[in-house]
Amino acid sequence: MSRDARPAKGPLIYRQSIWTRLTHWIWAACLFFLMLTGLQIFNAYPKLDIGKESGFEYDNSIFEIGARQAGDELQGFTRIFGSEFDTTGVLGVSNGQVRAFPAAVTIPSNQDLATGRVIHFFFAWLLVGTLAIWFIAGIANGHLRQLLPRRSDLRALGPEIADHARLRFHHQRRYGALQKLTYAGVMFVLLPLMILTGLSMSPSFNAVAPFLLDVFGGRQTARTLHFLIMLALIGFFLIHILMVLAAGPLNGLRSMLSGWYRIDPEPAASAQGPAGDASAPKQLFAPEQRIDHEPRSGEAQPADRKEA
Amino acid sequence: MSRTNLDRRALLRSGVLGASALALGGCKIFDDATRQGSAMRNVFESAGELTYRAQRLLGGKQSLAREYSRDDILQSQHPNGSVFPESAEYQALMRNDFRDFELAVSGLVDNPLILSRETLLAMPARTQITRHDCVEGWSCIAEWTGVPLGLVLDEARPRANARYVVFHCHDAIERSLAGPVYYYESIDMIDAHHPQTILAYGLNGAPLPVPNGAPLRVRVERQLGYKMAKYIHKIELVESFAELGNGKGSYWADRGYEWYAGI
């Protein structure tokens, strides 16, 4: 029961603007539908090829999900770089049906490429539209700058990884180095790459920007990259959920719903009374992280006063 | 604090319950909302109109599909969909090596045409090595030779109210009670006059084979494969799709695919 000992509460700060919160939940829905309709689309040609075209009379695939008749039974297989695995029941054959990804992870549940495409492109537009809104709002309110990793973040990276490995999370005003690198990686690298590899599959867009085909190494390589970046985004999603659960899901949820986030108490500050005493020493944190701790943007300060 | 712990536990539990319910039910919960004709489906489909407008805005009338070199042709063109039309009319044409083939150009034109195979072969031709992208996801590079559709249209003189070029085909993928459902496709006047839009009769330096659409198929290089109708016997210029199939302007559009297949 010693865990129940109530630690001193830190102040609530206004951390997430309405733009960030709105777009965050729209993206959550977008990624959900894009992924499951994407798997539906993949099922129509359950192979990943490298190059400009697909090999029918030669083999240029690195990944394939298929099915074959083995005696009385249907056998599902998955081939990765020439190594084959029996995946009957999940990939290739599921519920006695021949289909690459099973009904549980495709929208719609039955094999329906037309519907999968219609929904995929709807949410692709929604994602691009909300990304544009977020970028513009982020430039205006300084959120983008908060996400960009700086030199001090790279120096803080070592201690932060060590703390994360021990599941010791710091709830600070600013994003930590790992958070910055992760969010910046998703927002500035993975999502733009997702959009560009997606557009590279469009024959009409190929005529608008033919160089994209060369950048990604051909339409089929672009398709393969689109799939691999999807896996990276799923990886991000899983880690994101785990980190939210481990670091305090209610505080995290509150900040993404209302904007208000409770940061760790500042021991010296709470003893002295007035908050915002940035010069007070703080043993819990790596010294490098203090750099990010001075109040800068205007929005955080009223919150401090409110708590103090 | 104990209250908070309870909240956390409750949250976790409901999250796990929700996730497992979703996994057990599969994605069936979205099937009704996405079905053709549902109100949500119409909202989803509105994005197709946005795609069409955006791509027309960016690509304009003349942006060209990439053309490849002979070195990029590594295999024969992969056939898909219909590969052997069964109608008696087509079978008769095929037996005679399509020597009796005629292409009709009709509808909203001032000068309806009947073009024989010799006439088509004698018209100025264009040869292009392009990539065929199937809606399923695969691609295949091949060399296509044919008459620019624009030249044929210039001769037929479309009327001012002609908005779409419809391709009527010999092949039927399915049969209904009323008989075979023949394949048809349509494109707008922009794609019809696009320099790479050709009525192809040659593939990789040889006459177009039957599985690839002999004797005549259209190439619409900035769209997906299903727009490039095979086994064409009639071209019709229309103002709307109301009189055709289920009114969506193409065999596959009638079955839920986008009419515009630029992506």
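Report follows, based on the coordinates. (Residues numbered from 1 in each chain as written. Chains lettered and ligands numbered in written order. Predicted model: local features only at pLDDT ≥ 70, side-chain atom pairs only at ≥ 80, totals over all residues. Heavy atoms only, no water.)

**Some points on the overall build of chain B**
Next up, step 1: The number of helices and strands found in chain B is 7 helices and 10 strands.
Next up, step 2: Buried residues in chain B amount to 51% of all 263 residues.
Next up, step 3: Counting only contacts in chain B whose residues sit at least 6 apart along the sequence, the fraction spanning at least 24 positions is 68%.
Next up, step 4: Carbon and sulfur atoms form 56% of the exposed surface of chain B, whose accessible area is close to 12200 Å². (Helix = DSSP H or I, 4+ residues; strand = E, 2+ residues; numbered from the N terminus. Buried < 20%, exposed > 50% of the residue type's maximum accessible area, 1.4 Å probe, protein only. Contact = heavy atoms within 4.5 Å. Areas by Shrake-Rupley, 256 points an atom, 1.4 Å probe, with all protein chains shown as cover.)

**Focus: the environment of B:Ser106**
Residue and element names in this part refer to chain B.
Next up, step 1: By secondary structure assignment, the location of serine 106 is in strand β1 (residues 102-107).
Next up, step 2: Residues serine 106 and lysine 234, spaced 128 residues apart in sequence, show a C-alpha to C-alpha distance of 7.6 Å.
Next up, step 3: Residues in contact with serine 106, not counting those within four places in the same chain, are Lys234, Ile235, Glu236 and Leu237.

**What to know about the packing of aromatic side chains**
Next up, step 1: All told, the structure shown has 31 aromatic pairs over all chains when counted by the stated rule.
Next up, step 2: Ring centres of B:Tyr52 and B:Tyr260 lie 4.9 Å apart, and the angle between their planes is 70°; on these two criteria the pair is classed as edge-to-face. With a gap of 208 residues between them, B:Tyr52 in helix α3 (residues 39-59) and B:Tyr260 in the segment after β10 (232-238) connect regions that are remote in the sequence.
Next up, step 3: On the basis of relative accessibility, which here comes to 7%, the residue B:Tyr260 falls in the buried class.
Next up, step 4: Through a chain of ring-to-ring contacts, the aromatic side chains of A:Phe32, A:Phe33, A:Phe122, A:Phe123, B:Phe30 and B:Phe44 assemble into a single cluster.
Next up, step 5: Positioned over the ring face of A:Phe77 is A:Arg68, at 4.3 Å from the centre of the ring.
Next up, step 6: A cation sits over an aromatic face here: B:Arg255 above B:Tyr251, 3.8 Å from the ring centre. (Phe/Tyr/Trp six-rings, centres within 6.5 Å; stacked < 30°, edge-to-face > 60°. Lys NZ or Arg CZ within 6 Å of the ring centre and 35° of its normal.)

**Examining unusual backbone geometry**
Next up, step 1: Omega for the bond connecting A:Ile107 with A:Pro108 falls within 30 degrees of zero, at -10°, which places this linkage in the cis form.
Next up, step 2: With omega at 0°, the peptide bond leading from B:Ala214 into B:Pro215 counts as cis.
Next up, step 3: For B:Pro215, the position within the fold is in the loop between β8 (206-207) and β9 (217-219).
Next up, step 4: One non-glycine residue, B:Asp97, lies in positive phi territory at about 60°.
Next up, step 5: When you line up the elements, B:Asp97 lands in the loop between α4 (88-95) and β1.

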